[in-house]
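Listed below are the residues making up each chain.
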Amino acid sequence: MSVLTYHFSEPQPQLPSPDPPQPRPTSSRELTAAVPESDVTMEIRLSAMERPLTVLRVSLHHPTPGPATFANVPPQLEHDTSPLLVGRGPDAHLRLQLPRLSRQHLSLEPYLEKGGARLAFNLKALSRKGCVWVNGLTLRFLEQVPLSTVNRVAFSGMQMVVHIEGGTSLEAFVCCFHLSPSPLIYRLQAEESDEWEIIPQEQPLSGSGQQTPGHLGFLDSPSQPSPGGAPEIQLQREPPDSALC
Amino acid sequence: MSNFEDADTEETVTCLQMTVYHPGHQQNGIFQSIRFFNREKLPSNEVVKFGRNSNTCHYTFKDKQVSRVQFSLQLFKKFDSSVLSFEIKNMSKKTKLIVDNKELGYLNKMDLPHKCLVRFGDYQFLMEKEDGESLQFFEIEFSLSTRPLLQENNWLPQKHIPECGSYSSCSTQNNSPIEMGENEW
């Protein structure tokens, strides 16, 4: 179980954004990483009074990002139990600057299963014009699905992998964002096959923060034991272009 | 006439009828912020919050025993359906939310049945959905009941509040037990 400490220091200066500065949503708070961004390992401590936060490790990839696409993506974002909005608009907690992205494109909503002790998450499509592909399912406006531990999401050309590491806090959760230069969702070579292919993940280069090219650019999981490598990942066949959102 | 012929086709709108009851509503003014018998139109992606805090809640109750955010309602669309459904979520850490006979704890949520009774504390809400075609908007309309909803013979809400203030003198309720089918309230 991973726990997270956060420092209330001054935020690091961000890359200049073409958009005028907008007031931050009050339900979210950007956090500086406890260690430099390039270090893949985060030191985690817990005070006696705090419960460990659920961590959403979010990897993002766009094949042709513009200079402003990820300009508003912080290293970390703490959010309360209201839905976390992803979109292009000023109300979005995760703001991505893509012309085809709706102002509110999707939301990640925490909730508790009956009898559950850890936050679960629901992904809901909020775009009236676009759609969201989630773990093989295409969501249209107002459709929603519960998320699994590892989730592959595609929308407006963006690829997003969300890895949920459960904590016991019911007050808030934290998103840790990672920008991947490599695609996150691959097309299998045998296109006529719909079978699952299990490809063991290679160890990421330590300290470099760079992803091994040509392989699954995946999340850093310092809390995961890795005697022979990171956990095996099941790849899913990339949907045909017409089905991509 | 040309405007009528050229105008966009109107769609019916999903409406949630909410009949509310609280034993102390007359003395304490807990529903003073609620506009009764008024259909309020809301965007379909809105998360509608109910509680004491007027800064965060769309509908507020003037009652210190109500949580700042008590519960929320939002629309969603099921994969195999062309109509919208409601989902209710308990946002209170202190109070359970009871939907029919199901108890929801903090952050628990469930699909709202087509017609159901929602309770927390002394509050009772009879909620009934009217299906509509529109995916863009929905409506909420409140009615006030001056009698408890959790009684066999009192499911029909009073649409008109008598000016005399006395419900019983204007009552048209049938006080004899009403036979109901298995699947009816």
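You'll find chain B entered in an unreviewed UniProt entry as TRAF-interacting protein with FHA domain-containing protein A, with Tursiops truncatus given as the organism. Quoted verbatim from the Sequence similarities (unreviewed entry) field of the UniProt record, the comment on chain B reads "Belongs to the TIFA family." Taken from UniProt, the Subcellular location (unreviewed entry) comment for chain B reads in full: "Cytoplasm".

Chain A appears in an unreviewed UniProt entry as TRAF-interacting protein with FHA domain-containing protein B from Tursiops truncatus.

Okay, the UniProt feature "domain: FHA" (unreviewed entry) in chain B next. The positions UniProt marks with the feature "domain: FHA" (unreviewed entry) are residues 48–104 of chain B. Counted over residues 48–104 of chain B, helix gives 0% and strand 46%. Its end C-alpha atoms are 17 Å apart.

With that out of the way, let us pick up the side chain of His22(B). Residue and element names in this part refer to chain B. Mapped onto the elements, His22 comes out in the loop between strand E1 (14–21) and helix H2 (25–28). Judged by its relative accessible area of 8%, His22 falls in the buried class. A polar contact of 2.9 Å, which involves the side chain of His22, links it to the backbone nitrogen of Gly24. With residues near it in sequence (within four places) discarded, His22 still touches Ile30, Phe31, Asp63, Asp122 and Tyr123.

Our next topic: the confidence of the model for chain A. The predicted model of chain A averages 72 in pLDDT, with 58% of residues at 70 or higher. For the stretch residues 188–238 of chain A, pLDDT sits under 50, and the model shows 93 contacts to residues farther than four places along the chain or on other chains.

Thresholds, definitions, all that
- Per chain, residues are indexed from 1 in the order of the written sequence.
- Chain A is the first chain written and ligand 1 is the first ligand written, with later ones labelled in order.
- Residues qualify for local features only when their pLDDT is at least 70, as the model is predicted, and side-chain atom pairs are given and counted only at 80 or more; totals for whole chains, interfaces and linings, by contrast, use all residues.
- Note that water and hydrogens are dropped before the side-chain values are worked out from all heavy atoms of the structure.
- UniProt positions are given in the numbering used here, feature names are shortened, and annotations may be inferred rather than shown by experiment.
- By the criteria applied, helices consist of DSSP H or I runs no shorter than four residues and strands consist of E runs no shorter than two, each listed in order from the N terminus.
- Under the scheme applied here, a residue whose accessible area is under 20% of the maximum for its type counts as buried, over 50% as exposed, and between as partly exposed, the area being computed with a 1.4 Å probe on protein chains only.
- Contacts described as polar in this section are N or O atom pairs within 3.5 Å, which, within protein, must combine one atom able to donate a hydrogen with one able to accept it, while residues neighboring in sequence count only if both atoms come from side chains.
- The criterion used for residue contact is that any of the two residues' heavy atoms lie within 4.5 Å.
- Residue-level confidence of the predictor is summarised by pLDDT, bounded by 0 at the bottom and 100 at the top.

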